[in-house]
Amino acid sequence: MNKKSHPLLEDTCLPFQIEGQDIKGRIVRLGHSVNEILSSHNYPNQISKLMGEVLAFTALIGSLMKYDGILTTQMKGDGPFRVLISDFHKENKKLNGNIRGYASFDDIMKEGDSLQNMFGEDAYLAITIDQGSFMERYQGIVKLEGDTITHAAEEYFRSSEQLPTKIILACDQDEHGIWQACAIMIQHYARSAEGEYVRDETKTKEDWNNSSILLNTIKKVELLDKKLSLQNLLIRLYHEAGVRVFDHTEVTANCRCSEDKIRTVLSSLDLKELKDVSEDGTVTVTCDFCKIDHKFELSKLID
Ligand SMILES: [Zn+2]
């Protein structure tokens, strides 16, 4: 699928601020990227939808990273759904980022099954941020509760950054079977960036409540409406207070698997192990994320 044949599809992250309030937000809408990933995996619908929401969420919070790095979102439990992983990475000091993801599960879950039924009682959402030597590696873990990942996602910000946060996620196919996903978030900052703002507690609380209520009025079809631009969607929500948008960034589906890394792993195996996994003198390693087959000649691995 190329961009020309679907000109309305976008893969954009747009940060914004509600005028005169201590509230910042960002919205991510994924088209080509999420469609490429979900089409290549071809999971049952319910799992594709969940995966798409998680990809949008991962892009949303990954785009908050200041430096090059990798943000990984992992949902894990002891239920029939074993693991769902997605990551967002930025490199070469570019503002734009790349996403990928995959899921592993035993059974086809029932449509509308709760997260707890899918992932089991002790399921959790782990978010890991690795920005190389720049910053210390950070991991936040929250329990997966409720029917959607939204609750766990909001809880992550409450516990890791003490930031009141509201998130809405959506993912669905359009009438042509094209997948799209969207994530929108608002966060309540305790003080202005300058740190000199004298807060009016009552107004601040009211602002947050009003903005949260307004966010809840948005419908998933609006989040995924290709004809409704992200700017216009934000104006529709926050026209009363006014909304300021900042420079957008782009998101692309891109895997980080590399032949060199896999070759290094294979070279560390002994001859018997290599022979066991080879077929007709070739070892094939399929990437869980992008489904690409990496093929290696056994004779060259042994040298
Ligand atoms: Zn790959």
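Residues numbered from 1 in each chain as written. Predicted model: local features only at pLDDT ≥ 70, side-chain atom pairs only at ≥ 80, totals over all residues.

Trainee: Would you explain the overall build of the protein chain in this entry?
Mentor: For the protein chain, the helix and strand inventory stands at 10 helices and 14 strands. Taking 303 residues into account, the globule formula puts the C-alpha radius of gyration at 19 Å, and the protein chain, at 21 Å, falls close to it. Dimensions of the protein chain, computed from C-alpha atoms along their principal axes, come out at roughly 70 × 45 × 45 Å. Across the protein chain, every contact between residues at least 6 apart in sequence was considered, and the portion connecting residues at least 24 apart equals 64%. (Helix = DSSP H or I, 4+ residues; strand = E, 2+ residues; numbered from the N terminus. Rg over C-alpha atoms; globule rule 2.2 N^0.38 Å. Contact = placed C-beta atoms within 7 Å.)

Trainee: Please explain the sheet that holds strand S13 (residues 282–286) as it appears in this structure.
Mentor: Pairing between sheet strands relies on hydrogen bonds along the backbone, with the strands arranged either parallel or antiparallel. The strand order S12-S13-S14 describes an open sheet built from 3 strands, whose pairing is antiparallel. Strands with a single pairing partner mark the edges of an open sheet, and in this sheet they are strand S12 (278–279) and strand S14 (293–297). This element, helix H8 (residues 259–267), spans S13 and S14 of the sheet and lies at about 50 degrees to S14. (Pairing = 2+ DSSP bridges. Axes fitted to C-alpha atoms, helices over the stretch in contact; angles between N-to-C directions.)

Trainee: Help me understand the environment of Glu145, please; the structure alone is not making it clear to me.
Mentor: Counting through the fold element by element, Glu145 comes out in the loop between strand S7 (138–143) and helix H4 (150–161). Assessed through the 16 C-beta atoms surrounding it within 10 Å, Glu145 is described here as partly exposed. With 42 residues separating them in the primary sequence, Glu145 and Ala103 have C-alpha atoms 19 Å apart. With residues up to four places along the chain from it excluded, the contact list for Glu145 reads His151 and Ala152. (Buried ≥ 20, exposed ≤ 12 C-beta atoms within 10 Å, placed from the backbone.)

Trainee: How do you make sense of the packing of helix H1 (residues 32–41) against helix H2 (residues 45–62) when you look at a structure like this?
Mentor: Think of two packed helices as two axes; the pair is described by the angle between the axes and how far apart they sit. In the contact formed by H1 and H2, the axes pass within 10 Å of each other and the chain directions differ by 145 degrees. In this structure, the crossing between H1 and H2 has a hand that is right-handed. Contact residues: H1 offers Val34, Ile37 and Leu38, while H2 offers Ser48, Met51, Gly52 and Leu55. Taken together, the residues that form the contact of H1 with H2 break down as 5 nonpolar, 2 polar and no charged. (Left-handed = near helix turned anticlockwise from the far one by under 90°. Nonpolar A, V, L, I, M, F, W, Y, C, P; charged D, E, K, R; others polar.)

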